[in-house]
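Read off the chains here:
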Amino acid sequence: MAQESLETKEIHTRTSIQVTLLHFTPLSVCSRAIRTCWDSHNKSDNGGDIDKGLIYRVGNVNKHKSTLEHLYYNFEIKGITRACLQELARHRIASLSVKSTRYTLKELNKEESFLPLCEENYKRAEKYIMLSNNERVKDQSIKALENLRLAVKDGIANDIAKYLIPECYKSELAWSINARSLQNFLELRTAKAALKEIRELAYTIFKALPEEHKYLFEEFLCKDPLFMESVNKN
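Residues numbered from 1 in each chain as written. Predicted model: local features only at pLDDT ≥ 70, side-chain atom pairs only at ≥ 80, totals over all residues. Heavy atoms only, no water.

A. Geometry of the overall build of the protein. What the protein contains, in helices and strands, is 10 helices and five strands. The proportion of buried residues among the 234 residues of the protein is 47%. Of the roughly 12600 Å² of accessible surface on the protein, 50% is carried by carbon and sulfur atoms. Taking the 36 positively charged and 32 negatively charged side chains of the protein as two groups, their mean positions are separated by 3 Å. (Helix = DSSP H or I, 4+ residues; strand = E, 2+ residues; numbered from the N terminus. Buried < 20%, exposed > 50% of the residue type's maximum accessible area, 1.4 Å probe, protein only. Areas by Shrake-Rupley, 256 points an atom, 1.4 Å probe, with all protein chains shown as cover. Lys, Arg positive; Asp, Glu negative; His and termini not counted. Charge placed at Lys NZ, Arg CZ, Asp CG, Glu CD.)

Right, dumping it as structure tokens:
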């Protein structure tokens, strides 16, 4: 039976990405599914080390990956950009429910101009966009945000105004994924060739996992010291 309640575990990164684990399937559900195949329930230790070893051996060593699909994780993700969201949406099997720009661009109506370019306006803009370390890209992102704000303020319909949204505009979503697909996601998106932002998201998702589940995923992480330092912090 899936876990009914969970004290949410929220992890923050230096890019303001926030990942909260909302719900997860207990390991005992997976071990019971595996034991059903051989009718070996009498060998279970009720979710202890024997059952945990069974899940690892069957799923990770013997590559019977379908057994890992019984484990599901539900996350709330905030602060990623639309650029990162596009890459996240390519991963299957996963379910996404994303904050809709069609209905939420009105949040810009209460804002004053983000110009001129200055530290105060940079700080205000970070509520809505992720700012690059590249000065040219940062300044153009602010100008794009201001163009969007003016379009919304002038009453242009959201369905039309949304085409002005820059890739750095922040979004949030509910994301659900099974363990098999999550292993694939972590392997691809912690790799050094991946976009830095989605790398940070991937490491943050791993850190948000229940401690007793992490052993199933550790070998799929790129052990990059730049990111592992934050992963190993309590």
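Having seen the structure, we can now continue with the description.
B. Just the packing of aromatic side chains, in detail. Taken as a whole and judged by the stated rule, the model has seven aromatic pairs. Three or more aromatic residues link up through ring pairs in this structure, and these residues are Phe75, Trp175 and Phe185. The ring of Tyr215 has Lys52 sitting right over it, with the charged end atom 5.0 Å from the ring centre. When the ring centre of Tyr122 is taken as origin, the NZ or CZ atom of Lys138, which lies over that ring, is 4.3 Å away. (Phe/Tyr/Trp six-rings, centres within 6.5 Å; stacked < 30°, edge-to-face > 60°. Lys NZ or Arg CZ within 6 Å of the ring centre and 35° of its normal.)

C. Structural context of the side chain of Ser171. Position of Ser171 relative to the elements: it lies in strand E5 (residues 170-178). Apart from the residues lying within four places of it in its own chain, the contact partners of Ser171 are Ile77, Lys78, Gly79, Ile80, Leu85, Val98 and Lys99. (Contact = heavy atoms within 4.5 Å.)

D. Focus on the layout of surface pockets. Put simply, the second largest pocket is a space of about 360 Å³. Residue lining of the second largest pocket: 20 residues in total, with Lys99, Tyr169, Lys170, Ser171 and Glu172 positioned closest to the centre. Secondary structure elements with two or more residues in the lining of the second largest pocket: strand E3 (72-81), helix H3 (82-88), helix H4 (101-104) and E5. Within the lining of the second largest pocket, the residues separate by chemical class into four nonpolar, seven polar and nine charged. (1 Å grid on protein atoms, 1.4 Å probe; cavity = no way out; pocket = protein on both sides within 12 Å on 5 of 7 lines; lining within 4 Å. Points joined across faces, edges and corners; volume = space filled by probe spheres on them. Nonpolar A, V, L, I, M, F, W, Y, C, P; charged D, E, K, R; others polar.)

E. Quick look at the environment of Asn109. Residue placement: Asn109 occurs in the loop between H4 and helix H5 (119-125). C-alpha of Asn109 to C-alpha of Ala151: the two residues are 42 residues apart in sequence and 9.7 Å apart in space. Ignoring sequence-local partners within four residues, the contact set of Asn109 consists of Val152 and Lys153.

F. A look at helix H6 (residues 135-153). The terminal C-alpha atoms of H6 lie 27 Å apart, and with 19 residues this matches the ideal 27 Å at 1.5 Å per residue to within 8%. Every buried residue of H6 is accounted for by Lys138, Asp139, Ser141, Ile142, Ala144, Leu145, Glu146, Leu148, Arg149, Ala151 and Val152. Here the buried face of H6 lies against H5 and helix H7 (158-161). Its side-chain oxygen 3.0 Å from the backbone nitrogen of Arg136, Asn134 forms the N-cap of H6. Directly after H6, the chain includes Gly155, whose backbone phi takes a positive value near 85°. (Expected span 1.5 Å × (residues − 1). Polar contact = N/O pair within 3.5 Å; in protein donor to acceptor, adjacent residues only side chain to side chain.)

G. Representation of the pairing of E3 within the structure. The pairing of strand E2 (residues 18-24) with E3 spans six bridges and is antiparallel. If you follow Val19 over to E3, its bridge partner there is Ile77. The sheet contact formed by E3 and E5 spans nine bridges and is antiparallel. Across the sheet, Tyr72 pairs through a bridge with Asn178, a residue of E5. (Pairing = 2+ DSSP bridges.)

H. Seen up close, the pattern of salt bridges. Scanning the entire structure with this criterion turns up 10 salt bridges. Glu107 serves as the salt-bridge partner of Lys99, at 3.0 Å between the closest nitrogen and oxygen. (Salt bridge = Lys/Arg side-chain N within 4 Å of Asp/Glu carboxyl O.)

I. Here's a closer look at the confidence of the model for the protein. Confidence in the prediction for the protein averages 93 pLDDT; 93% of positions are at 70 or higher. Here residues 1-8 scores under 50 on pLDDT; set against residues more than four positions off or in separate chains, the count is 15 contacts. Contacts from residues 10-14, a stretch scored under 50 in pLDDT, to residues over four places away or in other chains number 17 contacts. (pLDDT = per-residue confidence, 0-100.)

J. Expanded view of the packing of helix H9 (residues 196-208) against helix H10 (residues 225-232). Viewed as axis vectors pointing N to C, H9 and H10 meet at an angle of 30°, and their least axial separation amounts to 9 Å. Judged by the angle between their axes, H9 and H10 are roughly parallel. In this structure, H9 meets H10 at a crossing whose hand is right-handed. Only Phe227, Met228, Ser230 and Val231 of H10 make contact with H9, whose side of the interface consists of Lys196, Arg199, Glu200, Tyr203, Phe206 and Lys207. When the residues that make up the contact of H9 with H10 are grouped by side-chain class, the tally is five nonpolar, one polar and four charged. (Axes fitted to C-alpha atoms, helices over the stretch in contact; angles between N-to-C directions. Parallel < 35°, antiparallel > 145°, perpendicular 65-115°, else oblique. Left-handed = near helix turned anticlockwise from the far one by under 90°.)

K. Expanded view of H10. Of all the positions in H10, only Phe227, Met228 and Val231 are classed as buried. For H10, the buried positions fall inside an angular range of 100° around the axis, keeping them on one side. Exposed side chains of H10 directed beyond 90 degrees from the buried face belong to Pro225, Leu226 and Glu229. On its buried face, H10 is in contact with H9. (Arc of directions from axis to C-beta.)

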